[in-house]
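Descriptive analysis of the structure
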Amino acid sequence: MTGQVEFARMNGLGNKILVVDMRGRPDMVTPQAAIALNADPATQFDQIMAIHDPRADGTDAWIDILNCDGTKAQACGNGTRCVVQALAAETGRKTFTFQTVAGILNAQEHADGTISVDMGKPVFAWDRIPLAEEFFDTSRIELQIGPIDAPVLHSPSAMSMGNPHAIFWVDRDPMTFDLERFGPMLENHPMFPEKANITLAQVISDSALRTRTWERGAGLTLACGSAACAAGVSAARTGRTGRTVTIDVASAPTRQPLVIEWREDDHVVMTGPAEWEWSGKVDPVTGAFVRDEEPTARAN
């Protein structure tokens, strides 16, 4: 199938997102299209959120997620907020239910423009994260980078938010670490058979964290929503904070924090902003695109 579809360039706290409208089509955005779009500075992205017709009763859409290297992603919280904002602007609705390979996501746009996404329940079992070795307690696993007697990073908390995460606890600003050097090694470490998102997290108070993330399949990213959820849950799980925290994403260009609530029903709810930048049309097979000449401004 050929022909262009509508898409929008958006961001969630700087996490670069392309929202592609694939409704009414049976095909998918190809890995080749994703790679081509990422190669162009105008459309360089962290994730593509492709909106498809619903596959299950009671859902509004199936969301297919691609990383900038063309691989599939299971979850993207920042991207989901972008999808909500785009559909809310189109329909006037405020609540949505999406299906992804990671499960069902419920989301709501609030009066102040922020968007809450129920990211589901965290997974702690070593073989479901998954890890290559058995750990009874995955809140602290044996893994380190650097000299054995003075490691730079060590003993991360491991878990899944639909995708695997390792949270390394640091005692200074995460921006002071050479994550661009350590990120690829840790993402591809043999401990993570499906690779992993790598996050550095600094505890600011019993209700606040500061984070920076190397994202699986995307690299050094300005923000990662599922990593913020993993950091918030891991902080509460290890007794570093309470179950509701604000996340200052250190690398984000906007200083608006994410709010992560690990509810008593075990669901993790993330609340934060989304921003529409511009729109256009794209060929989902090749990645060839054209930008709208006079994009219409939308509320953040």
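We now turn to the structure provided with this report. (Residues numbered from 1 in each chain as written. Predicted model: local features only at pLDDT ≥ 70, side-chain atom pairs only at ≥ 80, totals over all residues. Heavy atoms only, no water.)

Quick notes on the pairing of strand 19 (residues 275-282)
Looking at chain direction, strand 1 (residues 5-12) and strand 19 are connected through 7 bridges and run antiparallel. Residue pairing for strand 19: N11 is matched across the bridge by E275. Bridge analysis of strand 19 against strand 20 (residues 289-291) gives 3 bridges, and the strand direction is antiparallel. Paired with V282 across the strands is F289, a residue of strand 20. Hairpin connection between strand 19 and strand 20: a loop of 6 residues separates the two successive antiparallel strands, and G287 in this loop has a positive phi of roughly 90°. (Pairing = 2+ DSSP bridges. Helix = DSSP H or I, 4+ residues; strand = E, 2+ residues; numbered from the N terminus.)

Describing the packing of aromatic side chains
All told, the structure shown has 5 aromatic pairs when counted by the stated rule. Between the aromatic rings of F124 and W262, the centroid separation amounts to 6.1 Å while the plane-to-plane angle is 75°, which identifies the pairing as edge-to-face. Separated by 138 residues along the polypeptide, F124 in the loop between strand 8 (115-118) and strand 9 (144-145) and W262 in strand 17 (residues 258-262) bring together distant segments of the chain. Taking relative accessible area as the criterion, F124 reaches 24% and is therefore assigned partly exposed. A relative accessible area of 9% means that W262 is categorised as buried. An aromatic cluster is present here, built from F7, W278 and F289 joined pairwise through their rings. In this arrangement the basic side chain of R172 is found over the ring face of F177, its NZ or CZ atom lying 3.9 Å from the centre. Residue placement shows R237 over the ring face of F124; its charged tip is 3.9 Å from the ring centre. (Phe/Tyr/Trp six-rings, centres within 6.5 Å; stacked < 30°, edge-to-face > 60°. Buried < 20%, exposed > 50% of the residue type's maximum accessible area, 1.4 Å probe, protein only. Lys NZ or Arg CZ within 6 Å of the ring centre and 35° of its normal.)

Structural notes on the nonpolar core
Among the nonpolar cores identified, the biggest contains 49 residues, and V19, M49, I63, V83, F98, I247 and I260 are the most heavily contacted of them. Considering every element that reaches this core, the biggest residue donor is helix 4 (residues 225-237), with 7 residues. Leave out the neighbours within four places in its chain, and I247 touches L209, T211, A228, G232, P257, L258 and I260. In terms of nonpolar packing, the next biggest core, distinct from the first, is built from 21 residues, L153, F168, L200 and W214 among them. (Core = buried A, V, L, I, M, F, W, Y, C linked by side-chain atoms within 4.5 Å. Contact = heavy atoms within 4.5 Å.)

Things to note about helix 2 (residues 77-91)
Taking 1.5 Å as the rise per residue, helix 2 with 15 residues should run 21 Å; its terminal C-alpha atoms sit 21 Å apart, in good agreement. The element helix 2 is extensively covered by neighbouring structure, given that 12 of its 15 residues are classed as buried. For helix 2, the set of buried residues is G77, N78, G79, T80, R81, C82, V83, V84, Q85, A86, L87 and A88. Note on helix 2: the residue one or two positions beyond its end, G92, has a positive phi of about 80°. (Expected span 1.5 Å × (residues − 1).)

Looking at the pattern of salt bridges
Evaluated as defined, the whole model comprises 13 salt bridges. The shortest N-O distance in the salt bridge between D21 and R23 comes to 2.8 Å. Salt-bridge contacts for R25 lead to D27; the nearest nitrogen and oxygen are separated by 2.8 Å. Grouping residues by exposure puts R25 and D27 together as buried. (Salt bridge = Lys/Arg side-chain N within 4 Å of Asp/Glu carboxyl O.)

Digging into the pairing of strand 3 (residues 47-52)
Within strand 3, 6 of the 6 residues are buried, which leaves the element mostly enclosed by the surrounding structure. Side chains Q47, M49 and I51 project from strand 3 onto one buried face, and the interleaved I48, A50 and H52 project onto a second face that is buried too. Here strand 2 (residues 15-21) runs beside strand 3; their pairing, made up of 5 bridges, is parallel. Counterpart to L18 in the pairing with strand 3 is I48. Sheet topology note: the strand 3/strand 4 (residues 61-67) ladder contains 6 bridges and is antiparallel. In the strand pairing of strand 4, M49 is matched with I65.

Notes on the side chain of T80
Tracing the backbone shows T80 in helix 2. Beyond its immediate sequence surroundings of up to four residues, T80 is in contact with M49, F98, L105 and V117.

Observations concerning the state of the cysteines
Tallying each qualifying case throughout the model produces 0 disulfides. Left without a disulfide partner, C68 is nearest to the cysteine sulfur of C76, which lies 11 Å away. The class of C68 is buried, set by a relative accessible area of 12%. C76 provides the cysteine sulfur closest to C82, a residue in no disulfide bond, and the two sulfurs are 7.6 Å apart. (Disulfide = S-S within 2.5 Å.)

Digging into the environment of T244
With respect to the helices and strands, the residue T244 is situated in strand 16 (residues 244-249). As for T244 and V233, which are separated by 11 residues in sequence, their C-alpha atoms are 8.7 Å apart. In contact with T244, not counting residues within four places along its chain, are S207, V259, I260 and E261.

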